Amino acid sequence: MKGPWFTGATIDRADNVRADDAAIAAARADPAARLLRLAGLDPLLDDAGLLVWDTLDAAGPDDDLVFLGFDSGCPRFAVANRTAPAVTGRSLEIMGLVARMQAEEAALYAGARSLIDWHMRHRFCANCGHATAPFKAGWARRCPNCGAEHFPRTDPVVIMLAEYEGRALVGRGRGWPERRYSALAGFVEPGESIEEAVARETFEEAGVRVRDVRYVASQPWPFPSSLMIGCTSTADGDAITVDTSELEDVIWVTRDEVRASLAGEPAPFLAPPRFAIARTLLKAWLAEG
């Protein structure tokens with residue numbers, strides 16, 4: 001089965017040259033170097049749904065160049081603007097843009113978006129409050145006041161299907177498109193394993209106890225910077241108690257219903273879009289059956 005969306009980027013992240021000032025200077029001077037064009041944090045796409053790139057001359061005086069890596073030997077960069085306000089939430093257009101992209105391009109964009117967003121939201125030292133500056137070609141920030149070094153973070157999120165007697169548990173969030181259902185999900189808490197997070201979140205959101213947690217796949221989710229850890233589990237029963245503070249509804253669906261929904265045929269629910277790992281989980285669950 002093809003991997004989840006936002007995976008499969010062909011770029012060489014080249015961690016070995018990030019701290020090499022001479023190598024980064026050579027990459028910036030390379031005539032083939034290109035700069036990713038963004039509108040805020042949204043990608044600019046051409047008519048074919050491909051990312052748009054500029055020469056490095058397009059960078060402004062308030063822009064810090066962030067090295068993304070080498071794509072077929074060509075250096076690729078993005079910019080973190082030192083004065084632009086941090087972006088909060090997602091734009092109304094972003095999901096439509098992502099749906100137009102090719103998987104490999106979406107994967108490259110995901111890394112760039114999360115990195116630029118981190119720079120915009122971490123301009124000050126968490127230790128002393130002083131302004132920080134990028135180093136390691138944009139893959140870290142350093143405080144000149146106390147010497148603390150800060151690195152981009154990724155927040156782990158479990159996303160899961162519980163199974164009971166040939167049916168899978170799916171939920172519907174508030175404000176979602178009509179009839180849309182997806183896998184349940186939640187952040188892994190400090191001091192918690194993936195398996196424990198799956199069991200806790202499933203019980204908190206749906207009142208369902210689960211066991212035998214199995215890992216399926218993972219997916220970066222750059223809104224702003226999460227790692228979705230896809231799992232399945234076995235439920236001890238099918239009684240549901242919905243946490244209405246988080247979800248509008250939770251239902252059990254059969255394999256035939258899932259199969260029809262994924263195929264775009266009449267079904268009791270609308271399946272997650274192709275760029276959501278929940279769709280990957282549903283396909284994997286069908287394959288198990």
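Residues numbered from 1 in each chain as written. Predicted model: local features only at pLDDT ≥ 70, side-chain atom pairs only at ≥ 80, totals over all residues. Heavy atoms only, no water.

**Let's talk about the overall build of the protein chain**
Counting its regular elements, the protein chain contains six helices and 15 strands. Whereas a compact globule of 289 residues would reach a radius of gyration of roughly 19 Å, the protein chain reaches 21 Å, a difference of no more than 12%. Taking the principal axes of the C-alpha coordinates as reference, the protein chain spans close to 60 × 45 × 30 Å. By the burial criterion, 47% of the 289 residues in the protein chain qualify as buried. (Helix = DSSP H or I, 4+ residues; strand = E, 2+ residues; numbered from the N terminus. Rg over C-alpha atoms; globule rule 2.2 N^0.38 Å. Buried < 20%, exposed > 50% of the residue type's maximum accessible area, 1.4 Å probe, protein only.)

**Some details on the environment of Ile194**
Relative to the elements of secondary structure, Ile194 occurs in helix H4 (residues 194–206). The class of Ile194 is partly exposed, set by a relative accessible area of 34%. When the C-alpha positions of Ile194 and Gly230 are compared, they lie 9.8 Å apart, and in sequence the two are 36 residues distant. The contact partners of Ile194, leaving out residues within four places of it in the chain, are Val158, Ile229 and Cys231. (Contact = heavy atoms within 4.5 Å.)

**Topic: the packing of helix H5 (residues 255–262) against helix H6 (residues 277–288)**
In contact at an axis separation of 10 Å, H5 and H6 are set at 130 degrees when each is read in the N-to-C sense. Overall, the two elements H5 and H6 adopt an arrangement that is oblique. In this structure, the crossing between H5 and H6 has a hand that is left-handed. Packed against H5, whose contacting residues are Arg255, Val258, Arg259 and Leu262, the element H6 presents Arg279, Leu282, Lys283, Trp285, Leu286 and Glu288 at the interface. (Axes fitted to C-alpha atoms, helices over the stretch in contact; angles between N-to-C directions. Parallel < 35°, antiparallel > 145°, perpendicular 65-115°, else oblique. Left-handed = near helix turned anticlockwise from the far one by under 90°.)

**Re the pairing of strand E6 (residues 74–81)**
Two elements, strand E1 (residues 34–36) and E6, share two bridges in a ladder whose sense is parallel. Bridging across to E6, Arg34 finds its partner in Arg76. As paired elements, strand E5 (residues 63–71) and E6 share eight bridges and run antiparallel to each other. Residue pairing across strands places Gly69 opposite Arg76, the latter belonging to E6. In sequence, E5 turns back onto E6 through a hairpin of two residues, with Ser72 there showing a positive phi of about 55 degrees. (Pairing = 2+ DSSP bridges.)

**Digging into the pattern of salt bridges**
With the rule as written, the count across this model stands at 17 salt bridges. Close ionic contact of Asp54 with Arg37 constitutes a salt bridge, the shortest N to O distance being 3.2 Å. Within this pair, whereas Asp54 is found in strand E4 (residues 53–54), its partner Arg37 is found in the loop between E1 and strand E2 (38–39), the two being separated by 17 residues in sequence. Given the relative accessible area of 24%, Asp54 is considered partly exposed. What makes Arg37 partly exposed here is its relative accessible area of 35%. Of the charged contacts, one joins Arg153 and Asp155 as a salt bridge, the two residues approaching to 2.5 Å between their closest N and O atoms. Several salt bridges share partner residues, and in doing so they unite Glu189, Glu192, Arg200, Glu201 and Glu204 into one network. (Salt bridge = Lys/Arg side-chain N within 4 Å of Asp/Glu carboxyl O.)

**Some details on the environment of Gly129**
Examined against the element boundaries, Gly129 turns out to sit in the loop between helix H3 (103–121) and strand E7 (133–135). You can call Gly129 partly exposed: its relative accessible area is 43%. Taking the C-alpha atoms as reference points, Gly129 and Cys146, 17 residues apart in sequence, are found 9.5 Å from one another.

**Considerations on H4**
Here H4 contains 13 residues, and its C-alpha end-to-end distance of 18 Å stays within 8% of the 18 Å for a straight helix at 1.5 Å per residue. Within H4, the full set of buried residues consists of Ala197, Val198, Arg200, Glu201, Thr202, Glu205 and Ala206. Positive backbone phi, approximately 70 degrees, marks Gly207, located one or two places after H4. (Expected span 1.5 Å × (residues − 1).)

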